Every structure is written in structure tokens, then in C-alpha cells.
Amino acid sequence: MIRVAVNGYGTIGKRVADAVRLQPDMALVGVAKTRPNFEALGAVRSGIPIYVPEGSEEAFERAGIRVAGTVKEMLSRADVIVDATPDGVGEKNRPMYESAGVKAIFQGGEEPEVAEVSFSTLCNYEEALGRRFVRVVSCNTTSLLRVICSLSSLSKVERVRAVIVRRAAETKEVKRGPINSLLPNPARSPSHHARDVKTVLRDLDIFTMAVVAPTTLMHMHFIYAYLREPVTREDVVRALSGSPRIVLVPPELGVEGTAHLFEVGRDLGRKRGDMPEVMVFEESINASGGEVSLMYAVHQESVVVPENVDAIRAVMSAASREETVRLTDSTLGIMRGRLA
Ligand code: NAD
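Residues numbered from 1 in each chain as written. Predicted model: local features only at pLDDT ≥ 70, side-chain atom pairs only at ≥ 80, totals over all residues. Heavy atoms only, no water.

**So, the domain arrangement of the protein chain**
Interface size is commonly expressed as the accessible surface area that is lost when the partners come together. Examined at the domain level, the protein chain breaks down into domain 1 (2-137 + 304-327) and domain 2 (140-303). If you average the C-alpha positions of domain 1 and of domain 2, the two centres end up 26 Å apart. Taken together, the 26 residues of domain 1 in the interface contact 23 residues of domain 2. The interface formed by domain 1 and domain 2 includes ten salt bridges. Here Arg245 and Asp310 are joined by a salt bridge, their closest N and O atoms 2.7 Å apart. Run the count over domain 1 and domain 2 and you get 13 residue pairs in polar contact (both at pLDDT 80 or more). Looking at the side of domain 1 that touches domain 2, the elements that each hand over two or more residues are α1 (11-21), β7 (117-119), α6 (121-124), β8 (133-136), α11 (305-315) and α12 (321-332). Take the side of domain 1 that touches domain 2: its biggest share by element is five residues, from α1. (Domains from an automatic or database assignment. Contact = heavy atoms within 4.5 Å. Salt bridge = Lys/Arg side-chain N within 4 Å of Asp/Glu carboxyl O. Polar contact = N/O pair within 3.5 Å; in protein donor to acceptor, adjacent residues only side chain to side chain. Helix = DSSP H or I, 4+ residues; strand = E, 2+ residues; numbered from the N terminus.)

Shown next as C-alpha cells:
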């Protein structure tokens with residue numbers, strides 16, 4: 001069993017912890033919390049051991065939260081740490097992981113230099129095998145890479161142009177919210193997403209622009225990919241529907257936008273209504289010569305969870321890409337093909 005601990009139990013951390021508990025080859029040592037807040041209580045209710053910084057045990061006990069030990073003790077009991085702390089904190093934590101001799105998976109809010117490899121299961125799983133520090137790229141980059149590397153099964157993708165419509169805030173956000181504006185974010189282009197994709201696909205010619213929209217549910221991408229060989233629309237539909245973690249949404253289901261997709265996640269009975277698949281609007285797919293265009297929605301809170309699970313297996317050299325995709329997707333109930 002791979003012993004996994006999660007540092008930072010927020011949006012990503014809680015989902016990764018739940019996913020780890022569903023893996024037959026992994027055991028969750030526990031999660032680290034800095035504050036005895038409602039999320040800590042959620043972990044306790046789920047039976048997850050809580051580890052805290054030295055000296056803060058009493059504050060947790062006072063709040064009625066039993067503490068399993070210090071963060072240092074958690075590290076000594078784990079093979080791999082998933083660091084899901086806020087942007088930039090992972091980098092500060094890295095020396096702690098180094099001295100504890102544990103491997104670590106960082107998130108996309110960290111600079112690429114925090115790790116040896118920036119990671120996407122479908123694009124470069126093998127590069128992460130046996131590494132000590134791996135960074136799972138952001139939600140937008142993860143979904144761009146899934147689509148690009150799936151299209152690569154048809155012909156080399158030489159150029160990508162994409163517009164990213166980003167949700168304004170997380171659904172749980174209390175300090176900022178959707179404003180009544182479409183906000184270039186940033187106006188200076190390309191946006192950082194292109195650079196992030198290139199941390200994995202170094203030679204790809206990619207240009208991205210991004211805008212924030214007043215919604216909290218999901219992102220939406222509009223993408224043009226230019227393939228070396230001409231392809232038909234049927235080829236593209238076949239490639240995407242045959243790819244893991246991509247779902248085609250057919251028009252006859254009446255799914256008109258991200259609010260409906262969010263409802264689909266809840267109707268499926270998924271915890272928190274999560275939707276870790278890239279949801280492609282099937283009608284949006286077009287192909288002409290080597291040019292392919294499509295639109296898809298991305299549930300930012302859950303899309304990186306399967307990649308985190310795969311990254312754990314990769315650093316432990318515990319599975320091939322095919323094996324980890326099969327295990328992760330079957331345990332998490334991840335769909336592929338057409339939504340039906
Ligand atoms: P979050 O704020 O929801 O959760 C972070 C958690 O870490 C909070 O519970 C916070 O209390 C805790 N924390 C803060 N400082 C800590 C410390 N020093 N030690 C331990 N815990 C600490 O953040 P999030 O949205 O889960 O983001 C985590 C990472 O995942 C970031 O790099 C982010 O860019 C990335 N990411 C986020 C999303 C998303 O949509 N939320 C998607 C993909 C990637």
C-alpha cells in the first residue's frame with residue numbers, strides 16, 4: 001500500500017483525500033490542517049486523522065477536534081505528500097518534505113520550478129515515473145492537455161489557439177464574487193495558460209487568451225487545434241469519445257450550459273456534484289482540413305483529482321499509464337464516451 005498524506009484540506013485537498021481512500025493500493029495517513037474550522041470538522045466526521053502544526057494541538061482539542069499528531073509526525077508516516085495548500089505555500093513547504101525524505105505532489109498554483117516535472121496523465125505520465133517532486137498542472141491546463149493529447153492520436157497537433165472563459169470565484173468564496181463584468185484576465189496575451197501547457201508539451205505552438213465571467217460553477221474553453229494531417233469531424237468525435245476523462249454531451253439531452261452540467265453532476269449522485277471529466281459540447285465540434293474546433297466546460301474544483309491520484313502512482317513507479325487510468329477511473333466512477 002502507498003501511504004499518502006494530504007497537506008492543505010481545502011477545495012482540492014478534500015477531494016484528493018477522498019479519492020485516495022477509494023484506491024485499492026493506497027492508504028490515507030491523514031490530512032494536515034492549520035485551523036480547527038468547519039473543513040477540519042468535515043474531515044473528522046469522515047473519519048480522517050488530522051495532523052496539526054506543533055503547538056496548535058490545544059486549539060484543535062478545545063474545538064472538540066481530536067488530533068492524531070503533528071505535521072512532522074504525519075510526514076514520517078507517509079511515502080507521498082499531496083500538497084494542496086494555497087498558491088505559493090507549497091514552495092515554502094518543499095524544504096520540509098526534503099528533510100522528511102518524502103515524495104511530494106504539488107498543484108498548479110505553484111511555479112513549475114517547485115517540481116522536477118509538470119504533469120498530465122494523458123501527455124507525459126512516463127516522465128514522472130520515480131520522480132521525487134511532481135506538479136499537477138492547473139485545472140485549465142489539465143483540461144487543455146487532455147484535449148490536445150487526445151487529438152494527437154489522430155495526427156500531430158502543431159498549433160493551438162484557445163480562449164479561456166474563467167469562473168470568477170470558487171463557490172465557497174466569501175471575499176470576492178462574480179462582478180457584473182467580463183474581465184480580460186489578463187488583457188496582455190498570451191495568458192499564462194499557454195506557458196503552463198508548454199511546461200508539459202515544450203514544442204507546441206500555443207497562444208491563449210483569458211477572460212473572467214460572472215459565474216462560479218465551471219470554466220469554458222473555445223479551442224482551435226491545427227493538426228498536421230487533414231481529419232474529418234467523425235475522426236475527431238471518435239478520438240475524443242475514445243479518450244479517458246472526456247465526455248461528449250449530445251444535443252438531444254438538452255444540456256444548454258454549465259448550470260445544466262452542474263445539475264448533471266448532482267443528479268449522478270456524485271459527492272459535492274463533482275464533474276472531473278472534460279465536458280465537450282458535441283455540436284460544437286468541427287473539422288476542416290487540419291483545423292479542429294470545439295467548446296468544452298471544465299469543473300475547476302474536481303478536474304485535477306484523477307491526475308493527482310495518477311501522479312502518486314507515477315512517483316512510486318507503482319503502475320503503467322494504462323493501469324493507473326483504469327484503476328483511478330473505475331474507483332472514482334469517471335465516465336468517457338457520450339453522456340447517456
Ligand atoms: P483552498 O484555499 O480551498 O485550500 C487550501 C487549504 O490549505 C485551506 O484549507 C487552508 O486553510 C490550508 N492552508 C493554508 N496554509 C496552509 C499551510 N501552511 N499548511 C497547511 N495547510 C494550509 O485552495 P485550493 O483551491 O484547494 O487550491 C490549492 C492548490 O490547488 C492551489 O495551488 C491552487 O492553485 C490549485 N488548484 C485549485 C483549483 C481550484 O479550482 N480550486 C483547481 C486546480 C488547482
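Still to come is the rest of the account.
**Some details on the pattern of salt bridges**
It is possible for side chains of opposite charge to pair when their charged atoms get near one another. Within the structure shown, the criterion is met by 26 salt bridges. With a closest N to O distance of 3.1 Å, Lys271 and Asp18 form a salt bridge. With Lys271 in the loop between α10 (258-267) and β14 (278-281) and Asp18 in helix α1, the pair connects residues that are 253 residues apart, well separated along the chain. You can call Asp18 buried: its relative accessible area is 13%. Connected through salt bridges with shared partners, the residues Arg146, Arg245, Glu307, Asp310 and Asp329 form a single ionic network. (Buried < 20%, exposed > 50% of the residue type's maximum accessible area, 1.4 Å probe, protein only.)

**So, the sheet that holds strand β3 (residues 50-52)**
Read from one edge to the other, the open sheet built from eight strands follows the order β4-β3-β2-β1-β5-β6-β8-β7, with strand pairing classed as parallel. Bordering the open sheet on either side are β4 (69-70) and β7, each of which pairs with just one other strand. Pairing analysis gives three bridges linking strand β6 (residues 103-106) to β8, with the strands arranged parallel. Counted as the bridge partner of Ala104 is Phe133 from β8. (Pairing = 2+ DSSP bridges.)

**Points about the pairing of strand β9 (residues 157-167)**
Relative to strand β12 (residues 219-227), β9 runs antiparallel, the two being bridged by eight bridges. By the bridge assignment, Val157 is partnered in β12 with Leu227. Relative to strand β11 (residues 205-213), β9 runs parallel, the two sharing nine bridges. When the sheet's bridge partners are listed, Ala162 is paired in β11 with Thr208.

**What about the site of the ligand?**
Taken together, the neighbourhood of the ligand is formed by 22 residues, with Thr11, Ile12, Asp87, Glu170 and Lys172 sitting nearest. Gly109 is positioned such that a nitrogen or oxygen atom in its backbone is 3.2 Å from an oxygen atom of the ligand. Contact between the ligand and Gln300: an oxygen atom at 3.3 Å from a main-chain N or O atom of the residue. A class-by-class count of the residues in the shell around the ligand yields six nonpolar, nine polar and seven charged. Per-domain counts for the shell around the ligand show at least three residues from each of domain 1 (2-137 + 304-327) and domain 2 (140-303). (Near = heavy atom within 4 Å. Nonpolar A, V, L, I, M, F, W, Y, C, P; charged D, E, K, R; others polar.)

**Details of the packing of aromatic side chains**
Applying the stated rule across the entire model yields three aromatic pairs. Relative to Phe106, the ring of Tyr97 lies with its centre 6.0 Å away and its plane at 45°, an arrangement referred to as tilted. Take Tyr97 and Phe106: they sit in the same class, and that class is buried. When the ring of Phe106 is compared with that of Phe133, the centres are 5.9 Å apart and the planes differ by 50°; the resulting orientation is tilted. Residue Phe106 is located in strand β6, and its partner Phe133 is located in strand β8; the two are separated by 27 residues in the primary sequence. Like Phe106, the residue Phe133 is buried in the burial classification. One aromatic cluster is present, built from ring pairs that chain together Tyr97, Phe106 and Phe133. Above the ring of Tyr226, the side-chain terminus of Arg159 is found at 4.2 Å from the ring centroid. (Phe/Tyr/Trp six-rings, centres within 6.5 Å; stacked < 30°, edge-to-face > 60°. Lys NZ or Arg CZ within 6 Å of the ring centre and 35° of its normal.)

**Things to note about the side chain of Asn140**
Turning to its location among the elements, Asn140 is positioned in helix α7 (residues 139-151). Given a relative accessible area of 3%, Asn140 falls into the buried group. A polar contact of 2.6 Å, which involves the side chain of Asn140, links it to the side chain of His221. Leave out the neighbours within four places in its chain, and Asn140 touches Ile164, Arg166, His193, His219 and His221.

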